[in-house]
There are 2 protein chains.
Amino acid sequence: MRHMLALKYVDAVARAGSIRAAAEVLAITPSALNRRILAIEEELDIEIFERHALGVRLNSAGELFIHHIRAQMADLERVRSQIADLSGVRIGHVRIATTKEIGGRLLPRLIQSYRADFPGVTFSLHAYDRGQVEQQLQNLEADIVVMFQPLRLADMQVISHQQQHLSVALAADHPLAAHAELRLVDFLEHHPLLPPRGEGIREIVEAACVKKGLNCKPAIESDDMALLRHLARQGAGLALDLPLTISASPTEADLVYRPFKANEIEPGFLFVGQLYKRTLPVAARKFADRLREMFELETNALSGVAAN
Amino acid sequence: MRHMLALKYVDAVARAGSIRAAAEVLAITPSALNRRILAIEEELDIEIFERHALGVRLNSAGELFIHHIRAQMADLERVRSQIADLSGVRIGHVRIATTKEIGGRLLPRLIQSYRADFPGVTFSLHAYDRGQVEQQLQNLEADIVVMFQPLRLADMQVISHQQQHLSVALAADHPLAAHAELRLVDFLEHHPLLPPRGEGIREIVEAACVKKGLNCKPAIESDDMALLRHLARQGAGLALDLPLTISASPTEADLVYRPFKANEIEPGFLFVGQLYKRTLPVAARKFADRLREMFELETNALSGVAAN
DNA sequence: CTTGGGTGTGTCCTTTTTTGCAACACATAT
DNA sequence: ATATGTGTTGCAAAAAAGGACACACCCAAG
């Protein structure tokens, strides 16, 4: 991409926060970079950066402009993938941002299945906290987000959504495993293993506790869901997770899932989305289609069970 | 715009149909232009043009790419206008494409009123035939279209639409002016003045004639609606036009409008639209808002009349 | 079939633009 | 005050783009 190289420079400076730092990243001298920034500003007759003693910060005009730049770059990728697709080969890169509850289980299988059909498509998969996930989408650094308990849904377009009732994950030989469903008080009194405040699962539990006047004090708190599940498997306590149908893994036969008693805890909201009005690259779009199909299938299966 | 100059070159070549012709337009030598085109193709690793003995034609990949380029350019204009708008001054350029029935009467007043509020906004206003209007929109060479009897509505997003019953325009002292409404046969037998086939008004009349088994032979045929109205004013025959409420002009007191008898002729479809999913520059968007408001006002007024 | 005018493209050389290096002016934090 | 960071600016070198011309090619008319 030799053209719109100027735009890349602006983007790099905006990210780095200073011209010198960006120059290092771009492997050119600060003076050259500075002159290009000045040239662009003069050319557009618009000031983009606020010069500060400790670097540069985007102007309000610059905010609009950088958004345009990133949209342009993402759109070029989309065009490239479309062109590749019309020659028969599906190629491209799908960037997925998720919250921590999602990552390890649902997506890998789906990605593997997709890559079996289209080996030319590569994936990047990153977990952030809820606010950052939405920001990734808006900065066009992610094509698709899969998140639990979205915060604002601003500028997001829903691909698929589903209510999710939290289940308790506990060791198969745990005394409480004998019960078909658990009460919230039992969960809280048997060493609850919870993610930190701010994460979707934790907030749902907190809300339920407030509603019932209970005190939520996790025995172990970690932002690593896999770690919490592992502890649960060892009998260290009770973890929480999205329902079995979504996140079951054959390697965890010693871990069982039990629902809460009805209405004791509010269901959560599992959300798959993209940026509003954005046209995704073909690979991302097709993958999003599969994701949606999978959720629809599961929803139908669940409603079928409910009907019985 | 020094950056994305390469893209402008590609666009110019695509328009001109040959590198040499485009080079002339761009005021550079063909060899230089050729090298840039080759460089871009190599850089993208995509062939964009089919080399032909009598010039170049866009590849199917090139079709996608040129679309991307034009979208980029239009989007940059949008960003510029947004930035100008946040500094308080509304500035920009609104490009309107219409069919010939529209041009001379409805829009000038609205544009004048808009420019009275925002003198920094300039307008360009061009009339095409129906197919070309839609193409102007798709090529991003027009921001807003106002057209009568749209053909395909492909990739178009409706801003406003309205049914329009055709009226006969005739001299105030014409014998038929005594009638409150006219019959189709009377119209056809008193020197009909019509636009050529392919235009919306003509096609409506033709359809009505086929339905009634009548023969439509215009006394005078012209693609200049103002000319036809002028002839009608002189008593040369009967012209057709959109209803009085839309196109009346105080300078034409000697021209009166009479509707057809009910159900003798199908109503037409007046359409105001933009490109699907496109975000317009602020000036264009605000003008489109006014256009829509004006139509809504008129629709309400008409329904009020009908209710009486 | 030949010819003429059109095309895209390669090569040499000139001109313009961009870059790297070093120095400067300035603001902030220690 | 000093030290360290910032953006910015000459000046010379390097790189890229442009112009002029020639070549090979194809198509249509003569």
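An unreviewed UniProt entry annotates chain A as LysR family transcriptional regulator originating from Maritalea mediterranea. The heading Sequence similarities (unreviewed entry) in the UniProt record of chain A holds the text "Belongs to the LysR transcriptional regulatory family."

1. Quick notes on the relation of the copies chain A and chain B
Under the fitted operation, chain A is carried onto chain B by 0.1 Å of movement along the axis and a turn of 180°, and the coordinates agree to an RMSD of 0.3 Å. The transformation relating the two chain copies, once decomposed into turn and shift, fits a two-fold axis. Across chain A, the smallest distance between a C-alpha and the rotation axis is recorded for M4 of chain A, namely 2.6 Å. Here 100% of the contact residues of chain A are again contact residues in chain B; the copies associate through an equivalent surface.

2. What about the interface of chain A and chain B?
Interface extent is often summarised as the accessible area lost during association of the parts. Counting residues at the interface gives 25 residues for chain A and 25 residues for chain B. Counting the surface lost from both chain A and chain B, the interface buries some 2400 Å², and carbon and sulfur atoms represent 66% of this. Here chain A and chain B share zero salt bridges between them. Here chain A is connected to chain B by seven residue pairs in polar contact (both at pLDDT 80 or more). Breaking the side of chain A that touches chain B down by element, the ones donating at least two residues are α1 (5-16), α3 (30-44) and α4 (60-86) of chain A. The dominant element in the side of chain A that touches chain B, judged by the number of residues it contributes, is α4 of chain A, at 13 residues. Tallied by class, the residues present in the side of chain A that touches chain B amount to 13 nonpolar, six polar and six charged.

3. A word on the side chain of T99 of chain A
Residues and elements named next belong to chain A. For T99, the location among the structural elements is in the loop between β3 (92-98) and α5 (106-117). Of the polar contacts made by the side chain of T99, one reaches the side chain of E101; its length is 2.8 Å. Polar contacts involving the side chain of T99 include one to the main-chain amide nitrogen of F148, which spans 3.1 Å. Contact partners of T99, with chain neighbours within four places excluded, come to A127, Y128, R130, V133, V146, M147 and F148.

4. A look at the protein's contact with DNA strand D
Around DNA strand D, 21 residues are found, and the nearest of them are I19, R20, N34 and R51 of chain A together with S31 of chain B. Atoms of DNA strand D within 4 Å of the protein: sugar and phosphate make up 59%, bases the balance. Contact between DNA strand D and A53 of chain A: a sugar or linking oxygen at 3.2 Å from a main-chain N or O atom of the residue. Of all the secondary structure elements, the ones that give two or more residues to the surface near DNA strand D are α2 (19-26), α3 and β2 (55-58) of chain A together with α3 (30-44) of chain B. Considered class by class, the residues forming the surface near DNA strand D number ten nonpolar, six polar and five charged.

5. Regarding the nonpolar core
F65 of chain A together with F65 of chain B are the most contacted members of the largest nonpolar core, which has 56 residues in total. Setting aside its immediate chain neighbours within four residues, F65 of chain A contacts L7, V10, L44 and I48 of chain A together with L76 and V79 of chain B.

6. Some words on the pattern of salt bridges
All names here are of chain B. Using the criterion set out here, one finds 46 salt bridges over all chains in the structure. Residue D75 pairs with R78 through a salt bridge whose shortest N-O separation is 2.7 Å. Of the two residues, D75 and R78 both sit in helix α4 (residues 60-86), three residues apart, roughly one turn of that helix. Between K211 and E266 there is a salt bridge whose closest N-O contact spans 3.3 Å. One end of the pair, K211, is in helix α8 (residues 200-212); the other, E266, is in the loop between β11 (255-259) and β12 (268-275), and 55 residues separate them in sequence. In this structure K211 comes out as exposed when scored by relative accessible area, which is 62%.

Basis of the calculations
- Every chain begins its residue count from 1, and numbering advances along the sequence as written.
- Here chains are named by letter from A upward and ligands by number from 1 upward, in the order in which they appear as written.
- Per-residue local features are limited, in this predicted model, to residues with pLDDT of at least 70; the limit for side-chain atom pairs, both in listing and counting, is 80 or more; totals at the level of whole chains, interfaces and linings are taken over all residues.
- With hydrogens and water excluded, all non-hydrogen atoms of the structure serve as input to the side-chain values.
- UniProt positions are given in the numbering used here, feature names are shortened, and annotations may be inferred rather than shown by experiment.
- Only residues with pLDDT of at least 70 in both copies contribute their C-alpha atoms to the least-squares superposition of the copies.
- Contacts are assigned to residue pairs that have any heavy atoms within 4.5 Å of one another.
- The buried area of a pairing is the accessible area, by a 1.4 Å probe, that goes missing from both parts when the two are put together, added over both.
- Salt bridge, as used here, is a side-chain nitrogen of Lys or Arg placed within 4 Å of a carboxyl oxygen of Asp or Glu.
- For this analysis, a polar contact is any N or O atom pair within 3.5 Å, provided that within protein one partner can donate a hydrogen and the other can accept it, and provided that sequence-adjacent residues contribute only side-chain to side-chain pairs.
- For helices the rule is a DSSP run of H or I covering at least 4 residues; for strands it is a run of E covering at least 2, with both sets numbered from the N terminus onward.
- Residues are sorted three ways: Asp, Glu, Lys and Arg are charged, Ala, Val, Leu, Ile, Met, Phe, Trp, Tyr, Cys and Pro are nonpolar, and all the rest, Gly among them, are polar.
- Put simply, a residue is near a molecule or strand once any heavy atom of it comes within 4 Å of that molecule or strand.
- Think of a nonpolar core as a cluster: buried Ala, Val, Leu, Ile, Met, Phe, Trp, Tyr and Cys residues, connected wherever their side-chain atoms sit within 4.5 Å.
- Categorising residues by exposure relies on relative accessible area from a 1.4 Å probe, with only protein chains included: less than 20% of the type maximum marks a residue as buried, more than 50% marks it as exposed, and the intermediate range marks it as partly exposed.

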